[in-house]
Number of protein chains: 2
Amino acid sequence: MTHRIHNFNAGPATLPLSVLEEVQAELLDFKGCGMSIMEMSHRSPEYMEVHTEVQTLTSELLGLGDDYKVLFLGGGASTQFYMIPQNLLSGGRKGDYIVTGTWAKKAAKEAKLFGEVHIAHDAANADGKFTYIPTQDQLHLSPDAAYLHYTTNNTIAGTQFHYYPKAPAGVPVICDMSSDIFWKKFDPRPFGLIYAGAQKNLGPAGVTMVIIRKDMLDRCADGIPTMISYKTHADNDSLFNTAPVFPIYVVGKVLKWIKALGGLGAIEKRNREKAGLIYGAIDANPDFFRSPIQRESRSVMNIVWRLPSEDLEKTFIAEAKKSGLGGLKGHRSVGGCRASTYNAMPIEGVKALVGFMEAFAKKNG
Amino acid sequence: MTHRIHNFNAGPATLPLSVLEEVQAELLDFKGCGMSIMEMSHRSPEYMEVHTEVQTLTSELLGLGDDYKVLFLGGGASTQFYMIPQNLLSGGRKGDYIVTGTWAKKAAKEAKLFGEVHIAHDAANADGKFTYIPTQDQLHLSPDAAYLHYTTNNTIAGTQFHYYPKAPAGVPVICDMSSDIFWKKFDPRPFGLIYAGAQKNLGPAGVTMVIIRKDMLDRCADGIPTMISYKTHADNDSLFNTAPVFPIYVVGKVLKWIKALGGLGAIEKRNREKAGLIYGAIDANPDFFRSPIQRESRSVMNIVWRLPSEDLEKTFIAEAKKSGLGGLKGHRSVGGCRASTYNAMPIEGVKALVGFMEAFAKKNG
């Protein structure tokens with residue numbers, strides 16, 4: 001029996017066991033081709049079938065219309081931070097940014113190199129920490145912006161938008177969904193561009209999914225490097241150069257796994273149940289566990305909490321690890337504990353964590 | 001017994017079977033961590049050991065001094081085509097480019113967006129085809145260039161530099177070694193920057209190795225996007241953002257495999273023997289096989305040849321495939337046949353190909 005722990009890593013993160021088993025089974029010989037998927041031309045019919053299937057499954061699960069293209073790019077979401085403004089702010093246009101965490105802040109920083117950046121809301125407190133999501137009323141939006149950019153879920157802070165901010169008429173919404181894409185169904189129509197690094201809720205590190213509405217392509221700047229232009233990748237179906245074949249292939253298996261589970265409706269139910277159990281354990285022990293963030297802004301994907309002291313937090317994380325519960329250390333910039341409960345985390349893992357939390361609180365409280 | 005063919009793909013390309021078997025064995029549980037390498041934080045001690053080992057092995061095999069940094073970047077070699085000039089030509093500096101193939105031409109095209117491009121030699125013939133490598137005397141080099149850029153091996157044309165062009169005093173050499181890095185030992189000292197997409201001679205698609213001499217970092221432009229600056233990646237040891245963990249991990253296994261084979265001396269001997277056998281078969285049947293390129297410029301990595309007709313070429317490729325010899329179709333832009341004999345191609349594969357070539361020539365000649 002293979003040794004597997006319950007892995008609460010924030011990213012790269014746990015993958016469905018059945019997906020890994022399939023990858024393992026076909027690693028030396030992909031579908032009778034006599035070679036690994038890693039050794040196959042990115043233009044071969046066998047790989048093209050994989051490539052197209054990931055696009056089709058994405059469209060199907062998210063309910064995208066024909067007006068969207070699904071792209072696979074390298075360089076991580078951090079590469080999107082400059083690709084977006086270089087394509088869309090060139091010529092001095094303005095981008096609206098809602099800053100609710102470290103990544104949103106980084107995205108806004110890169111945009112300043114290409115155009116005007118208007119911060120529609122900055123949720124950082126005096127210490128630079130992020131503990132809430134602003135309401136629609138708190139947003140100062142520009143009617144003349146080239147786009148409104150925000151991050152749906154903040155992996156480090158443990159906060160998440162539980163509504164979809166409405167942009168002024170004609171302003172497309174651009175979203176970093178790296179840590180919660182595919183966690184539930186949503187209406188894609190307001191979104192001009194959605195991007196997500198794969199290594200949280202989608203697959204292994206090394207590919208970023210970019211979903212772009214075709215009308216956005218007409219707004220992309222000319223005279224920028226070929227690899228930076230979304231037009232290049234849309235026109236060449238993400239095969240202008242060699243795509244990161246293996247990560248894309250694993251993403252395809254994860255999407256098939258979601259579909260087999262019942263699609264995004266079933267996944268959402270499962271995710272809410274998992275998060276509910278952990279927040280329940282935190283709230284049931286208010287003298288011992290403390291959530292540092294606003295209740296309405298709590299993330300369903302990354303659940304953060306504190307213990308009465310940093311020493312107890314260290315002990316908690318170390319003892320949890322010994323009990324087969326890994327990845328519970330909070331991000332180095334904020335400390336504390338964090339459980340990432342992405343799609344692939346099974347309910348059994350969450351139940352084991354909750355049991356451990358209760359026992360630990362009882363023993364040390 | 002797993003079905004495996006002899007895979008002559010130009011990239012992504014064949015990997016050592018023992019490497020794939022190791023990856024397969026530890027896919028569900030990396031070194032007793034209870035998770036796959038794909039599910040592991042890029043900042044965990046377990047992954048950091050892998051990351052550092054790939055850097056150490058690279059330095060050791062290539063004989064790099066402490067004045068070089070080994071980086072792992074996403075986006076493919078095509079991303080380097082603009083990163084290099086954006087870092088090094090900003091402010092109107094001049095880059096010298098030797099154009100010996102499709103990829104060198106693309107690199108020069110991107111550089112024009114950032115500074116002056118001087119073509120030190122253009123080897124394209126009237127049809128735009130590349131059939132030779134210029135000699136040192138044929139190069140028109142600029143003493144005031146920010147760098148001299150060339151491509152050591154031309155995957156599509158099937159040509160390869162068999163000498164290392166000397167740049168004017170003080171001009172660093174920048175090289176795209178995507179299709180022949182690690183094929184033999186060379187003196188790294190003239191090189192300011194070496195880059196290589198992994199998917200030919202190094203590992204799976206999704207990571208580009210960049211070897212940069214530290215003094216080049218001082219020449220990098222300020223005020224460019226964070227992810228484009230080599231300084232960002234050098235300062236953060238390629239962990240500014242999530243690195244493409246899985247491709248890097250496989251590259252590490254390939255480098256260990258090279259070391260176990262006896263290092264670059266042994267690999268060079270093996271590569272020359274393989275190429276010698278195939279070129280031998282071509283030259284032994286001059287009425288049937290024809291090399292379209294200059295003899296002195298023949299690549300040891302990508303061996304191209306023509307048959308008396310395109311119909312015979314089609315038959316050759318189809319029958320070879322039936323005999324377990326895959327990936328022999330030339331690049332769509334040049335046609336003909338091509339056998340890529342990267343490091344991982346075993347001599348047995350080459351012998352099987354040569355046997356097939358001889359029999360096919362006899363039957364159809």
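What you see is a predicted model, and the numbers here were worked out from it, not measured in a lab. (Residues numbered from 1 in each chain as written. Chains lettered and ligands numbered in written order. Predicted model: local features only at pLDDT ≥ 70, side-chain atom pairs only at ≥ 80, totals over all residues. Heavy atoms only, no water.)

Structural notes on the relation of the copies chain B and chain A
Copy one and copy two of the chain differ by a rotation about an axis and a translation along that axis. At an RMSD of 0.0 Å, chain B and chain A line up after a rotation of 180 degrees and a shift of 0.0 Å along the axis. The relationship between the two copies is best expressed as a two-fold rotation axis. When the interface residues of chain B are mapped onto chain A, 100% of them are again interface residues, pointing to one common binding face. (Least-squares fit on C-alpha atoms with pLDDT ≥ 70 in both. Contact = heavy atoms within 4.5 Å.)

Regarding the side chain of A:Asp29
Here A:Asp29 lies in the loop between helix H1 (17-25) and helix H2 (45-62). Although A:Asp29 lies buried, it forms no salt bridge, and the closest oppositely charged side chain, B:Arg4, sits 7.0 Å away as judged by the N-O distance. When residues no more than four places from it in sequence are discounted, the contact partners of A:Asp29 are A:Gly34, A:Met35, B:Thr2 and B:His3. (Helix = DSSP H or I, 4+ residues; strand = E, 2+ residues; numbered from the N terminus. Buried < 20%, exposed > 50% of the residue type's maximum accessible area, 1.4 Å probe, protein only. Lys, Arg positive; Asp, Glu negative; His and termini not counted. Salt bridge = Lys/Arg side-chain N within 4 Å of Asp/Glu carboxyl O.)

Things to note about the packing of aromatic side chains
What the rule picks out here adds up to 33 aromatic pairs over all chains. Ring geometry for B:Phe30 and B:Tyr249: centres 5.7 Å apart, planes at 85 degrees, overall edge-to-face. Taken together, the residues span a long stretch of sequence, with B:Phe30 in the loop between helix H1 (17-25) and helix H2 (45-62) and B:Tyr249 in helix H7 (residues 245-261) at a distance of 219 residues. Neither B:Phe30 nor B:Tyr249 differs from the other in exposure class; each is buried. Members of the aromatic cluster, connected to one another through ring pairs, are A:Phe30, A:Phe246, A:Tyr249, B:Phe30, B:Phe246 and B:Tyr249. (Phe/Tyr/Trp six-rings, centres within 6.5 Å; stacked < 30°, edge-to-face > 60°.)

Some points on the sheet that holds strand E5 (residues 147-151) of chain A
Residues and elements named next belong to chain A. Across the sheet, 7 strands lie side by side as E2-E10-E9-E8-E5-E3-E4; this open sheet has mixed pairing. The two strands at the open ends of the sheet, each matched to only one other strand, are strand E2 (68-73) and strand E4 (116-122). For this sheet, the mean inter-axis angle between neighbouring strands, taken without regard to orientation, is 20 degrees. Of the strand pairs in this sheet, strand E9 (residues 191-197) and strand E10 (residues 208-213) are connected by 5 bridges, and their pairing is antiparallel. By the bridge assignment, Ala196 is partnered in E10 with Met209. Sheet contacts for H2: E2 and E10; angle to E2, the most-contacted strand, approximately 130 degrees. (Pairing = 2+ DSSP bridges. Axes fitted to C-alpha atoms, helices over the stretch in contact; angles between N-to-C directions.)

Regarding the sheet that holds strand E3 (residues 94-99) of chain B
All names here are of chain B. Here we have 7 strands laid out as an open sheet, ordered E2-E10-E9-E8-E5-E3-E4, and mixed in their pairing. Each end of this open sheet is capped by a strand with a single partner; those strands are strand E2 (68-73) and strand E4 (116-122). This sheet shows a mean twist of 20 degrees between the axes of neighbouring strands, independent of strand direction. Here strand E5 (residues 147-151) pairs with strand E8 (residues 173-176) via 4 bridges, running parallel.

Some points on the UniProt feature "domain: Aminotransferase class V" (unreviewed entry) in chain A
Under the UniProt annotation, "domain: Aminotransferase class V" (unreviewed entry) lies at residues 5-353 of chain A. The straight-line gap between the two end C-alpha atoms of residues 5-353 of chain A is 11 Å; of that span, 34% is helix and 16% is strand. (UniProt positions renumbered as here; feature names shortened; annotations may be inferred.)

Some details on the interface of chain B and chain A
Facing the 61 residues of chain B at the interface are 61 residues of chain A. Summing both partners gives a buried area of about 4800 Å² for chain B against chain A, and 59% of it is carried by carbon and sulfur. Broken down residue by residue, the surface that chain B buries against chain A is led by B:Leu28, B:Met38 and B:Glu39, which jointly contribute 15%. Where chain B touches chain A, the interface holds 23 residue pairs in polar contact (both at pLDDT 80 or more). Looking at the side of chain B that touches chain A, the elements with two or more residues in it are H1, helix H3 (76-88), helix H4 (102-111) and H7 of chain B. Residue composition of the side of chain B that touches chain A, by class: 29 nonpolar, 23 polar and 9 charged. (Buried area = accessible area lost by both parts, 1.4 Å probe. Polar contact = N/O pair within 3.5 Å; in protein donor to acceptor, adjacent residues only side chain to side chain. Nonpolar A, V, L, I, M, F, W, Y, C, P; charged D, E, K, R; others polar.)

Looking at the pattern of salt bridges
It is possible for side chains of opposite charge to pair when their charged atoms get near one another. For the structure on display, the rule yields 33 salt bridges over all chains. Taking the shortest distance from any N to any O, the salt bridge between A:Arg4 and B:Glu39 comes out at 2.7 Å. Highlighted residues: A:Arg4 in the segment before strand E1 (6-7) and B:Glu39 in the loop between H1 and H2, drawn from two different chains. Overall, A:Arg4 belongs to the partly exposed group, its relative accessible area being 24%. Ionic pairing is found between A:Asp144 and A:Lys94, a salt bridge with its closest N-O pair at 3.1 Å. Taken together, the residues A:Asp144 in the loop between E4 and E5 and A:Lys94 in strand E3 (residues 94-99) connect sequence positions 50 residues apart. Taking relative accessible area as the criterion, A:Asp144 reaches 48% and is therefore assigned partly exposed. Take A:Lys94: its relative accessible area is 16%, and that puts it in the buried class.

Brief notes about H3(B)
In this model H3(B) runs 19 Å from its N-terminal to its C-terminal C-alpha over 13 residues, within 8% of the 18 Å that 1.5 Å per residue would give. Counting buried positions along H3(B) yields 13 of 13 residues, so the element is predominantly enclosed. (Expected span 1.5 Å × (residues − 1).)

Looking at the confidence of the model for chain A
When the pLDDT values of chain A are averaged, the result is 97; 100% of them are 70 or greater. Our summary of model confidence lists the complex with pTM equal to 0.98 and ipTM equal to 0.97. (pLDDT = per-residue confidence, 0-100.)

Focus: the packing of helix H8 (residues 263-284) of chain B against helix H10 (residues 347-364) of chain B
All names here are of chain B. Remark: H8 packs on H10, axes separated minimally by 9 Å, with the N-to-C direction vectors making an angle of 0 degrees. In terms of axis orientation, H8 runs roughly parallel to H10. Contacts between H8 and H10 pair Glu273, Lys274, Leu277, Ile278, Ala281 and Ile282 from the former with Ile347, Val350, Lys351, Leu353, Val354 and Met357 from the latter. (Parallel < 35°, antiparallel > 145°, perpendicular 65-115°, else oblique.)

Concerning the environment of A:Ala104
All names here are of chain A. Relative to the assigned elements, Ala104 resides in helix H4 (residues 102-111). Residue Ala104 is classed as buried on the basis of its relative accessible area of 0%. Ala104 has contacts with Tyr97, Ile98, Val99 and Thr151, leaving out every residue within four places of it along the chain.

Looking at the UniProt feature "binding site: pyridoxal 5'-phosphate" (unreviewed entry) in chain A
UniProt records the feature "binding site: pyridoxal 5'-phosphate" (unreviewed entry) for A:Ala77, A:Ser78, A:Trp103, A:Thr155, A:Asp176, A:Gln199, A:Asn241 and A:Thr242 in the present numbering. Of the residues just listed, which span 166 residues, the most distant C-alpha pair is 30.8 Å apart, and they do not cluster in one region. Relative to the helices and strands, A:Thr155 is located in the loop between strand E6 (153-154) and strand E7 (159-160). Excluding anything up to four places from it in sequence, A:Thr155 contacts A:Ala10, A:Trp103, A:Ser179, A:Lys200, A:Asn302, A:Arg338 and A:Tyr342. In this structure the side chain of A:Thr155 is engaged in a polar contact, spanning 3.2 Å, whose partner is the side chain of A:Ser179. As for its position among the elements, A:Thr242 is in the loop between helix H6 (230-235) and helix H7 (245-261). Among the polar contacts listed, one links the side chain of A:Thr242 to the side chain of B:Gln199, at a separation of 3.1 Å.

Structural notes on the pairing of E3(A)
Residue and element names in this part refer to chain A. The buried fraction of E3 is high, at 6 of 6 residues. The alternating pattern of E3 places Lys94, Asp96 and Ile98 on one face and Gly95, Tyr97 and Val99 on the opposite face, and all of these are buried. Bridge count between E3 and E4: 6 bridges; the pairing is parallel. Within E4, the position partnered with Ile98 by the bridge is His121. With H4 bridging E3 and its parallel neighbour E4, the resulting β-α-β unit is right-handed. Of the pairings in the sheet, the one linking E3 to E5 comprises 3 bridges and is parallel in character. Within the sheet, the bridge partner assigned to Asp96 lies in E5 and is Leu148. (Right-handed = clockwise from strand over helix to strand, strands pointing away.)

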